[in-house]
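# A look at the structure
Given next are the chains, with one letter for each unit.
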Amino acid sequence: MYNRYIPPSRPRQPPPPAAQDPPPQANPPSQPEQTNVVDPLAPVSYARYIPPRKAKAVVEPSAQTGDHVPTESPSPKKRKHATTAPSHDSSPAPMPKKSKKSDDVVLRGDSDIPESPKKDRKKTKKKKDKRAKEDDADPAVPESALPDAPPASSTVTSGDTASISSHTLTPDDLGDSNREKKSADKDEEDFRQTEKQDKSKKPKKEKKKKKKPSEVEEEEADEDDATSRHAAILAKKAKSLATAPELRSHTDTAGPIEPEAQPKPDDLGKHGLEPLPQPKPVEADTSKPTYDILPSWLAEPIRVGPDTRTPFRDIGIHARAAKFLESKGFKDAFAVQTAAIPLLLPSCKHRQGDLLVAAATGSGKTLAYALPIVRDISQGMVTRLRALVVLPTRELVSQAHEVFKLCAGAFDGRGEKRVRIGISVGSHQLRQEQASLVEKTERYDPEAYQDALRRDREAWKVVDDDDDDDDDDDAAAAADPEADDAQATTNTTKPLLGNLPDHVVEYNSKVDVLLCTPGRLVDHIRHTPGFTLHYVRWLVVDEADKLLAQSFQGWLDVVMPKLRTDNVFSARDFPDSNLTGVRKLVLSATLTRDLSLLGGLQLRRPQLIVLEGADADGRKPQTAEHTLPSLLEEFAVRVHDPNLKPLYLLELLQGDYLLSPAESATSSGSRAEEADDTSSDEESDTSSSASSSSTSSSSSSSSSSSSSSTSSSESATAAAEPPLQKTVLIFTKSNEAALRLSRLLLLLQPAWEGQTATLTSTQKTSHRRRILASFAAGGSTRLLVASDLVARGIDLPTLDNVVNYDLPAGPAAYVHRVGRTARAGRRGRAFSLVEARESGWFWGAVAKWEGIRRSRPVARLMIGVRPRAEDDGGERVGGEEDKEKEKDAPEPARFEEDKMAAYERALEELGREAGRVKKRS
Ligand SMILES: Nc1ncnc2c1ncn2[C@@H]1O[C@H](COP(=O)(O)OP(=O)(O)OP(=O)(O)O)[C@@H](O)[C@H]1O
């Protein structure tokens, strides 16, 4: 049943148009009426909410809606649908017709037979209504009976009533008068809302329509179209509702839909239910994970126990060289040397290819590659650049330089070529280095001279031809390093005109082996005339994980193509074997197993040597990523209060925790105890200014000289404090932290003044070298505070203790840091100060990580004085290892009061000194 809400009468004048909707540009505010009439949206919104008017006429007296009927009806003239909406008693002639329609609705609701009011409709309307009637009569209307696409525009006429009737009388709805009533009520509500919104517009529309009845007729015709469209849509819905149970029952009974049991494509099309295109099902990945398909050389490395020792003679080093080595303290070959050297000698006829070595710090990797390389080169006659050794830092270059010089001495005999070794680290100007690496001479060669002359003339011709755009080309060449490379190649392969007649310029390498940092190597490749890699047959990448992981000016991309080209016939032939090409040696204590990184090296027939013994718990050895020296002891010192960290360090340095030199020396073949200056009588082949024999004992700390302001009590303490006997390398997180800690230690212990040094990357290279030499040679320096600069590769044979005052950035850095001690078969100790917030990371990623192979677990060390539970008298618990009850001791460590007071005074003094430095700068 439908009801109609007739709004109460309102002021008749329409609201000012400008106040509600800003008028469009074409209709200025001065013509509000016209604006309303041409508004294209108005009829559409109105059409959507037209109420079922006839029904309302029938039920108007109903008590349900009676309350809403206004006492005063608006004038018929003001209402647009005076001819279409029969809600008002004063409606003119169409009113009876509408009443009849209303009756029809009621009838249809009861009898399921749609009766259409056809008589006063146009011909088209009749046809469409007839079709709608047929649809209603038969819910399973075939698709062919559906109406065509609806017209683009539609207006509302009384035909809408029929459409609404059709909606309420679908087969499913029939007999459910309550639902119909609710639906009608809802429609009525909607209409009321819409009517309220459109009220201001209606009177004008009505007025206009009254004036033009023909327009009203047209609108009625359009509304008929809309009606038929609605009817078609509803018929479609009815049809799909009718087929739905059928489909559902089919699915329920048949279980999963078989391909043949699915609805026919025609049916799916009818309902718009065509299946969407689906992606192909993903096939299950049956390939093996990468760790299972590692190349055999990586999966099955050559394993060697760390304690293996073999006389050099037994691994192919001839007697004289072996004797020379023995005289320098290298009696037997270490494990890694025992495994590697035979594979690199020409006597090895089997599988001569590239070699990768993953062996602990201090295991003697440098000698393992230096010895066979020098031996090979010593078999030749002419000096050519035959070996490139790339290292990440200057310090490592100069350290490896010493080992190569030692080996050169071992193979410097009758019938052998004296091997010349050069370094390039960027500490000198490029021009200086160029002069030390390449020699420029002139050779008499008329034929080559004529050839060079011809090329020279051709080059000038080309220059003349291209004169116009010369500038552009130069700029492009300058910006293109490849062009530089090409030019450098031409310079070295084709002789240039000399200054003397019939003479050509000739470049000769002054070195057989070049030890270099990657950046400087790239500089020489690009900018040094005559510098060529054509004859290189050894490429060593030491500390390979670092060199491959960091770009270093993309050095590998520059170097590798140079090693591929074979411009000079048989230039890379090995003298006493049938091998040719470049052999690559890749080494590190933390060697990467990342094949994508190693791929850049284009390895040929590689083999991997892994230095490893039994695990701490005696299990079968397994390949761990990193291996620590077997004689290294590790300790974790729990720092309860980070503010007191320097006191923990002081306590550690003064206590009995550190290893003494007497304790660290073992009988395992170490040459540390017989350390002497092996290089003093070596002739230097290069312009290197390295003078490792300097053993200046002066403290290097820039701030270590000032100690005058220490208090008398401190001086007294200092006088009582014996000088340090043990050697300690303390790592901090930065240069600044190293300087500060170093100064603080001296303020706390002035007696260590001449024994403490600081090493940072901000210092001059020569200064750093002096400090390191002093420390390595067992000079007066006992305490070295350093940043990570010396964490990797630096060989300090007499160093017994390492302290991680600040923890390193990662496990690999830890391995390299602690690996500065316990080298070459000596014992060593490493202490890490661990704050509470670092504890989880340290134990998880370092101390208990399976990726680090260690011969014994990391021990816990408690430092300081902690109150005893019973008497608060204080109990010294330092030195007790790994006691479960002390693991998470809640109460912080205490330090004696005089130590605390001295610490506070030292901090104050440090603050004052920092203030003075600030003022000065
Ligand atoms: N056969 C040997 N006999 C005695 N001492 C040796 C022998 N080989 C090497 N050494 C000494 O062992 C120490 C460590 O050698 P080296 O620096 O080559 O180790 P490494 O494996 O390269 O260490 P790192 O990974 O830290 O760079 C050096 O002091 C070296 O002189």
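Scroll up to find the structure.
We now turn to the structure provided with this report. For clarity, every value in this text was computed on a predicted model and none was experimentally measured.

Cut-offs used in this document
- Residues numbered from 1 in each chain as written.
- Predicted model: local features only at pLDDT ≥ 70, side-chain atom pairs only at ≥ 80, totals over all residues.
- Heavy atoms only, no water.
- Helix = DSSP H or I, 4+ residues; strand = E, 2+ residues; numbered from the N terminus.
- Buried < 20%, exposed > 50% of the residue type's maximum accessible area, 1.4 Å probe, protein only.
- Phe/Tyr/Trp six-rings, centres within 6.5 Å; stacked < 30°, edge-to-face > 60°.
- Salt bridge = Lys/Arg side-chain N within 4 Å of Asp/Glu carboxyl O.
- Axes fitted to C-alpha atoms, helices over the stretch in contact; angles between N-to-C directions.
- Parallel < 35°, antiparallel > 145°, perpendicular 65-115°, else oblique.
- Left-handed = near helix turned anticlockwise from the far one by under 90°.
- Contact = heavy atoms within 4.5 Å.
- Nonpolar A, V, L, I, M, F, W, Y, C, P; charged D, E, K, R; others polar.
- Pairing = 2+ DSSP bridges.

## A look at the overall build of the protein
Each helix and strand counted, the protein has 34 helices and 24 strands in total. Relative to its 921 residues, the protein shows a buried fraction of 46%.

## Considerations on the packing of aromatic side chains
Applying the stated criterion to the full structure yields 6 aromatic pairs. Residues Trp-538 and Phe-574 carry aromatic rings whose centres are separated by 5.4 Å and whose planes lie at 85° to one another, so their mutual orientation is edge-to-face. Taken as a pair, Trp-538 in strand β11 (residues 538-541) and Phe-574 in the loop between α24 (555-564) and β12 (583-588) lie far apart in primary sequence, 36 residues in all. Side by side, Trp-538 and Phe-574 carry an identical accessibility label, which is buried. Ring geometry for Phe-635 and Phe-831: centres 5.0 Å apart, planes at 15°, overall stacked. Here Phe-831 lies in strand β20 (residues 828-835) and Phe-635 lies in strand β15 (residues 632-639), a separation of 196 residues in the sequence. Residue classification places Phe-831 among the buried positions, given a relative accessible area of 1%.

## Looking at the pattern of salt bridges
Under the counting rule described, the total for this entry stands at 28 salt bridges. Measuring nitrogen to oxygen at the nearest pair gives 3.2 Å for the salt bridge that ties Lys-645 to Asp-806. In this pair, Lys-645 sits in helix α26 (residues 645-654) while Asp-806 sits in the loop between β19 (801-804) and α31 (811-818), placing the two residues 161 residues apart along the sequence. For Lys-645, a relative accessible area of 4% corresponds to the buried category. Three or more residues joined by partner-sharing salt bridges are found here, namely Lys-645, Asp-806, Glu-835, Arg-837 and Glu-838.

## Some words on the packing of helix α15 (residues 335-344) against helix α16 (residues 365-377)
Running from amino to carboxyl end, α15 crosses α16 at an angle of 20°, the nearest separation of the two axes being 9 Å. Classed by the angle they form, the pair α15 and α16 counts as roughly parallel. Read as a crossing pair, α15 and α16 show a hand that is right-handed. Packed against α15, whose contacting residues are Val-336, Gln-337, Ala-340, Ile-341 and Leu-344, the element α16 presents Lys-365, Leu-367, Ala-368, Leu-371 and Pro-372 at the interface. Here the residues of the contact of α15 with α16 are counted per class, giving 8 nonpolar, 1 polar and 1 charged.

## Here we look at the pairing of strand β6 (residues 421-424)
Looking along a regular strand, one sees the side chains alternate between the two faces of the sheet. The two faces of β6 match: Ile-421 and Ile-423 on one face and Gly-422 and Ser-424 on the other face are all buried. Pairing analysis gives 4 bridges linking β6 to strand β10 (residues 513-516), with the strands arranged parallel. Residue Gly-422 lies in a different strand from β10, and its bridge partner there is Leu-514.

## Comments concerning the packing of helix α29 (residues 735-748) against helix α34 (residues 897-920)
Contact pair α29 / α34: the axes reach a minimum separation of 9 Å and the direction vectors enclose 130°. Judged by the inter-axis angle, α29 sits oblique to α34. The way α29 lies across α34 gives a crossing that is right-handed. Of α34, the residues touching α29 (which contributes Arg-740, Arg-743, Leu-744, Leu-747 and Leu-748) are Ala-902, Tyr-903, Ala-906, Leu-907, Glu-909, Leu-910 and Glu-913. Its residues assigned to classes, the contact of α29 with α34 shows 8 nonpolar, no polar and 4 charged.

## Remarks on the sheet that holds β12
The strand order β1-β13-β4-β12-β11-β5-β10-β6 describes an open sheet built from 8 strands, whose pairing is parallel. Single-partner strands in this sheet number two, and they are β1 (302-304) and β6. Along the sheet, successive strands turn relative to each other by an average axial angle of 15°, direction set aside. Note: strand β4 (residues 355-358) against strand β13 (residues 607-611), 4 bridges, orientation parallel. Bridge assignment links Leu-355 to a residue of β13, and that residue is Gln-607. Running at roughly 165° to β11, α24 makes contact with β5 (387-390), β11 and β12 of the sheet.

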